Amino acid sequence: MAAATAVKQAFIASSFLSPISNFGPTCYGRTNRSVRSWRHKSSLSQCLPFGKHSLDFLLANRDHHSAAYKPLWRVCCDASTSTVAPATEDALSSQSSVKDVLGALSTIIDPDFGTDIVSCGFVKDLSIDNDSSQVSFRLELTTPACPVKDMFEQQAKEKVSAIPWVKGVSVTMSAQPAAPLVAEDVPKGLKEVSNIIAVSSCKGGVGKSTIAVNLAYSLAGMGARVGIFDADVYGPSLPTMVSPELRVLQMEAETKAIIPTEYMGVKLVSFGFAGQTSAIMRGPMVSGVINQLLTTTEWGQLDYLVIDMPPGTGDIQLTLCQVVPITAAVIVTTPQKLAFIDVAKGVQMFSRLKVPSIAVVENMCYFEGDGKRYYPFGQGSGAQVIQQFGIPNLFELPIRPELSAAGDSGKPEVVEDPQGEVARIFSEIGVCVVQQCAKLRQQVSTAVRYDETIKAIRVKVPGTTDEFFLHPATVRRNDRSAKSIDEWTGEQRLQFADVSENIEPESIRPMGNYAVAINWPDGFSQIAPYDQLQALERLVDVPEPSTSLGMETSEDAHERTPSSESPGNLCGAAAILQHARSLKSQTNGTNGL
């Protein structure tokens, strides 16, 4: 009864319920014990009375304050009864119409996330004219290069048009590119770059630059904003493979930022555009040049920045992986065994640097003649990489004189012949990159979250299936930075009593693919690698974790902090509902949904 009274509140359309604090962890013993227990401090006997679609609509449209939304929902939770306060008949009719439309759209499943487009938060600006029975809405995707956007548009029109009372449907497609996962920690020029893709082979002469350039222009052809960075200072290939009108990089006089040159809408930076054809310098100087070219360039808003990595696994490659948060790597090889040996070293390097390899492109695989396919260099190198390292996608490129000639002419093959077989294969590679980057962002952005309903940190490391829970005080006390441990003596500076048992993180945000940054109330920012979190003691006997009823997208989860609109605060409505449902299934005679 007290819990229901605590959340008694009326709100319309875009407002949220305030969080409830009657759930929390009770820990037995000190934090260095191997087992922690969780239990309810009290039970929730009353619950909010609205159904899935009503809350989904409310959450999905919380940022839209048009008059069309405001009168639709007025929900009250009372200590003795749970009722929906009646609005006008028109409002109730609108309520039913909205439910019909959202119900129809929720049958459309995003193939990448395995979730319906309503739960993904794609449905925006829903408007229903009850007089004319016209429905209009916008589908906002996370990338303009979404390979299934046409399918979404068609299915949305078909599903909503099938509703008996609907006489007309208007669907608008848009894209809100994903914000960089670690925008606060990257150089200024890269802050608006959503995904950074490394194209690497670790061996020269396998066609890596050809793959990088054609992949970039394939992504651009899909509608994405793309840039290419040629990281090979000793032998830059980009000036030969593309033909921009302005072949010299410019510098902004006031900010000293490098302005990329452009060719057919793709931004380009190469040492070859700096007035030098190639460099004669030692390794440390090369690393400095690459760092300056990449980080001081004003790239602007990009969906994908493709980095043409130089061969090898030395200082230059390590510098690139450590200076910028590379989203994923595409590995290029050829069928020969010798190429596989070098590629294996590159895959292992990326693995150690926590950069996931998402695809293998086996170049110069075969040629066709007399209706047959011939493999002059043998078969199996690419498949061996897939099998040994678990990389999910393999693409085979044929031996085509046109592909080589296009690289020499300054016009990429996918631009020269966009309907050809080579362009089709590169389009498939582009679709793979878009889908895998979206999945990785979802995994990383939701890997570590604070659940206010149980006062615990939820962890699901990308690439794993297990989810576990950590007590915030345990995480804070196990910081391994110089502020907590003396680097010279190993002496523990941060003492057990220095951290309150009730400490809660203010925010948690990803740090690339390997760690999260946790901000604490004392002003300390802790970098917590996934490996370290996996080694900490875990909470046991934790109740079923709360969910946000499907309306939290991966980008929302990253961009909101627990102190504002993160999943921890969505529990104000969603988590209370989840706990109430679980209580209803455990006890009889309580007031349920």
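Predicted model, so just to flag it, every value in this text is computed and none were measured.

### Concerning the overall build of the protein
Turning to step 1, where the next piece is worked out: The number of helices and strands found in the protein is 18 helices and 28 strands.
Turning to step 2, where the next piece is worked out: Counting across all 593 residues of the protein, residues that qualify as buried make up 53%.
Turning to step 3, where the next piece is worked out: By sequence separation, contacts in the protein at least 24 residues apart represent 70% of the contacts at least 6 residues apart.
Turning to step 4, where the next piece is worked out: Just so you have it, the protein exposes about 26,000 Å², and 49% of that area is on carbon and sulfur atoms.

### Examining the packing of helix α5 (residues 208–221) against helix α13 (residues 421–445)
Turning to step 1, where the next piece is worked out: The contact between α5 and α13 brings their axes to 9 Å, and the two run at 75°. As far as their axial angle goes, α13 and α5 are roughly perpendicular. Within the contact between the two elements, α5 uses Thr-210, Ile-211, Asn-214, Leu-215, Ser-218 and Leu-219 and α13 uses Phe-426, Ser-427, Ile-429, Gly-430, Val-433 and Val-434.
Turning to step 2, where the next piece is worked out: Here the contact of α5 with α13 is built from residues that sort into seven nonpolar, five polar and no charged.

### With respect to the pattern of salt bridges
Turning to step 1, where the next piece is worked out: The full count for this structure, using the stated rule, is 16 salt bridges.
Turning to step 2, where the next piece is worked out: Note that Arg-400 and Glu-421 form a salt bridge whose closest N and O atoms lie 2.4 Å from each other. On the criterion of sequence distance, the pair formed by Arg-400 in the loop between β21 (394–396) and α11 (401–409) and Glu-421 in helix α13 is long-range, its members being 21 residues apart.
Turning to step 3, where the next piece is worked out: The partly exposed category is assigned to Arg-400, whose relative accessible area is 29%.

### Some words on the pairing of strand β9 (residues 168–175)
Turning to step 1, where the next piece is worked out: Of the strand pairs in this sheet, strand β8 (residues 134–141) and β9 are connected by eight bridges, and their pairing is parallel. Looking at the pairing, Leu-139 lines up with Met-173 of β9.
Turning to step 2, where the next piece is worked out: What joins β8 to β9 is helix α4 (residues 149–161), and the crossover it makes is right-handed.

### Points about the environment of Gln-154
Turning to step 1, where the next piece is worked out: Tracing the backbone through its elements, the reader meets Gln-154 in helix α4.
Turning to step 2, where the next piece is worked out: As for Gln-154 and Val-171, which are separated by 17 residues in sequence, their C-alpha atoms are 9.0 Å apart.

### A few points about the nonpolar core
Turning to step 1, where the next piece is worked out: Counting residues in hydrophobic clusters, the biggest one holds 85 residues, and the most contacted among them are Tyr-217 and Phe-229.
Turning to step 2, where the next piece is worked out: Here this core gets ten residues from one element, more than from any other, and that element is α13.
Turning to step 3, where the next piece is worked out: Apart from residues no more than four positions distant in its own chain, Tyr-217 is found in contact with Ile-228, Val-242, Tyr-263, Met-264, Val-266, Leu-268, Pro-412, Val-414 and Val-415.

### Digging into the environment of Phe-389
Turning to step 1, where the next piece is worked out: For Phe-389, the position within the fold is in helix α10 (residues 381–389).
Turning to step 2, where the next piece is worked out: With a relative accessible area of 25%, Phe-389 lands in the partly exposed category.
Turning to step 3, where the next piece is worked out: Expressed as a C-alpha distance, the spacing of Phe-389 and Val-347, which sit 42 residues apart in the sequence, is 7.7 Å.
Turning to step 4, where the next piece is worked out: Excluding residues that lie within four positions of it along the chain, Phe-389 makes contacts with Ala-344, Val-347 and Gln-348.

### So, α5
Residues lying three or four places apart along an α-helix face the same way, a consequence of the helix completing one turn every 3.6 residues.
Turning to step 1, where the next piece is worked out: Relative to the 20 Å expected for 14 residues at 1.5 Å per residue, α5 spans 20 Å between its end C-alpha atoms, a close match to the ideal helical length.
Turning to step 2, where the next piece is worked out: Counting buried residues along α5, twelve of its 14 residues qualify, which places the element largely inside the surrounding structure.
Turning to step 3, where the next piece is worked out: Along α5, the positions that sit buried rather than exposed are Lys-208, Ser-209, Thr-210, Ile-211, Ala-212, Val-213, Asn-214, Leu-215, Ala-216, Tyr-217, Ser-218 and Leu-219.

### Here we look at the packing of helix α9 (residues 337–352) against α10
Turning to step 1, where the next piece is worked out: It is at 10 Å that the axes of α9 and α10 come closest, and there the two elements cross at 30°. In this structure, α9 meets α10 at a crossing whose hand is right-handed. Residues Phe-340, Val-343, Ala-344, Val-347 and Gln-348 of α9 pack against Ser-381, Gln-384, Val-385, Gln-388 and Phe-389 of α10.

### Notes on a negative patch on the surface
Turning to step 1, where the next piece is worked out: Taken together, the side chains of Glu-192, Glu-252, Glu-254 and Glu-298 make up a negatively charged region of the molecular surface.
Turning to step 2, where the next piece is worked out: Mapped onto the elements of the fold, Glu-254 is located in the loop between β12 (250–251) and β13 (258–259).
Turning to step 3, where the next piece is worked out: Judged by relative accessible area, Glu-254 falls into the exposed class, the value being 75%.

### What to know about the layout of surface pockets
Turning to step 1, where the next piece is worked out: Put simply, the second largest pocket is a space of about 600 Å³.
Turning to step 2, where the next piece is worked out: Taken together, 24 residues line the second largest pocket, and the ones lying closest to its centre are Val-355, Pro-356, Leu-440, Pro-462 and Gly-463.
Turning to step 3, where the next piece is worked out: Counting residues per element, the lining of the second largest pocket draws most heavily on α13, at five residues.
Turning to step 4, where the next piece is worked out: Partitioning the lining of the second largest pocket into residue classes produces 14 nonpolar, seven polar and three charged.

### Focus on the side chain of Gln-317
Turning to step 1, where the next piece is worked out: Along the chain, Gln-317 turns up in helix α8 (residues 315–323).
Turning to step 2, where the next piece is worked out: Here Pro-310 takes part through its backbone oxygen, which lies 2.9 Å from a polar atom of the side chain of Gln-317.
Turning to step 3, where the next piece is worked out: Apart from residues no more than four positions distant in its own chain, Gln-317 is found in contact with Met-309, Pro-310, Pro-311, Gly-312 and Met-349.

### Description of the pairing of strand β10 (residues 193–200)
Turning to step 1, where the next piece is worked out: By the criterion of burial, β10 is predominantly enclosed, with eight of the eight residues buried.
Turning to step 2, where the next piece is worked out: One ladder, built from six bridges, connects β10 with strand β16 (residues 302–308); its direction is parallel. Within β16, the residue paired with Val-199 across the bridge is Asp-308.
Turning to step 3, where the next piece is worked out: Note: β10 against strand β17 (residues 328–333), four bridges, orientation parallel. Bridge assignment links Ala-198 to a residue of β17, and that residue is Ala-329.

### As for the sheet that holds strand β27 (residues 525–529)
Turning to step 1, where the next piece is worked out: Strand order in this open sheet of three strands is β25-β26-β27, and the pairing throughout is antiparallel. Every interior strand has two partners, whereas the edge strands, β25 (507–511) and β27, have only one. In this sheet, adjacent strand axes meet at a mean angle of 25° when their direction is disregarded.
Turning to step 2, where the next piece is worked out: Bridging between strand β26 (residues 515–519) and β27 involves five bridges; their strand directions are antiparallel.

### Concerning the confidence of the model for the protein
Turning to step 1, where the next piece is worked out: Per-chain confidence: the protein averages 74 in pLDDT, with 73% of residues scoring 70 or above.
Turning to step 2, where the next piece is worked out: By mean pLDDT, the top-scoring element of the protein is strand β11 (residues 226–230) (95), and the lowest-scoring one is strand β1 (residues 11–12) (28).
Turning to step 3, where the next piece is worked out: Confidence drops under a pLDDT of 50 for residues 1–87, and excluding neighbours within four residues, the segment shows 200 contacts in the predicted structure.
Turning to step 4, where the next piece is worked out: Contacts of residues 546–581 to residues separated by more than four positions or lying in other chains number 105 contacts, the stretch itself having pLDDT below 50.

### Observations concerning the sheet that holds strand β24 (residues 468–470)
Backbone hydrogen bonds hold the strands of a sheet together, and the pairing may be parallel or antiparallel.
Turning to step 1, where the next piece is worked out: The strand order across the open sheet formed by three strands is β22-β23-β24, and the pairing between neighbours is antiparallel. At either end of the open sheet lies a strand with only one pairing partner, and these are β22 (448–451) and β24. On average, adjacent strands in this sheet sit at an angle of 35° to one another, irrespective of strand direction.
Turning to step 2, where the next piece is worked out: Judged from the three bridges that link them, strand β23 (residues 456–459) and β24 form a sheet pairing that is antiparallel. Directly across from Arg-458, in β24, lies its bridge partner Phe-469.

Conventions used here
Residues numbered from 1 in each chain as written. Predicted model: local features only at pLDDT ≥ 70, side-chain atom pairs only at ≥ 80, totals over all residues. Heavy atoms only, no water. Helix = DSSP H or I, 4+ residues; strand = E, 2+ residues; numbered from the N terminus. Buried < 20%, exposed > 50% of the residue type's maximum accessible area, 1.4 Å probe, protein only. Contact = heavy atoms within 4.5 Å. Areas by Shrake-Rupley, 256 points an atom, 1.4 Å probe, with all protein chains shown as cover. Axes fitted to C-alpha atoms, helices over the stretch in contact; angles between N-to-C directions. Parallel < 35°, antiparallel > 145°, perpendicular 65-115°, else oblique. Nonpolar A, V, L, I, M, F, W, Y, C, P; charged D, E, K, R; others polar. Salt bridge = Lys/Arg side-chain N within 4 Å of Asp/Glu carboxyl O. Pairing = 2+ DSSP bridges. Right-handed = clockwise from strand over helix to strand, strands pointing away. Core = buried A, V, L, I, M, F, W, Y, C linked by side-chain atoms within 4.5 Å. Expected span 1.5 Å × (residues − 1). Left-handed = near helix turned anticlockwise from the far one by under 90°. Patch = residues over 30% accessible without salt bridge, like charges linked within 9 Å, V, L, I, M, F, W, Y side chains within 5 Å. Lys, Arg positive; Asp, Glu negative; His and termini not counted. Charge placed at Lys NZ, Arg CZ, Asp CG, Glu CD. 1 Å grid on protein atoms, 1.4 Å probe; cavity = no way out; pocket = protein on both sides within 12 Å on 5 of 7 lines; lining within 4 Å. Points joined across faces, edges and corners; volume = space filled by probe spheres on them. Polar contact = N/O pair within 3.5 Å; in protein donor to acceptor, adjacent residues only side chain to side chain. pLDDT = per-residue confidence, 0-100.

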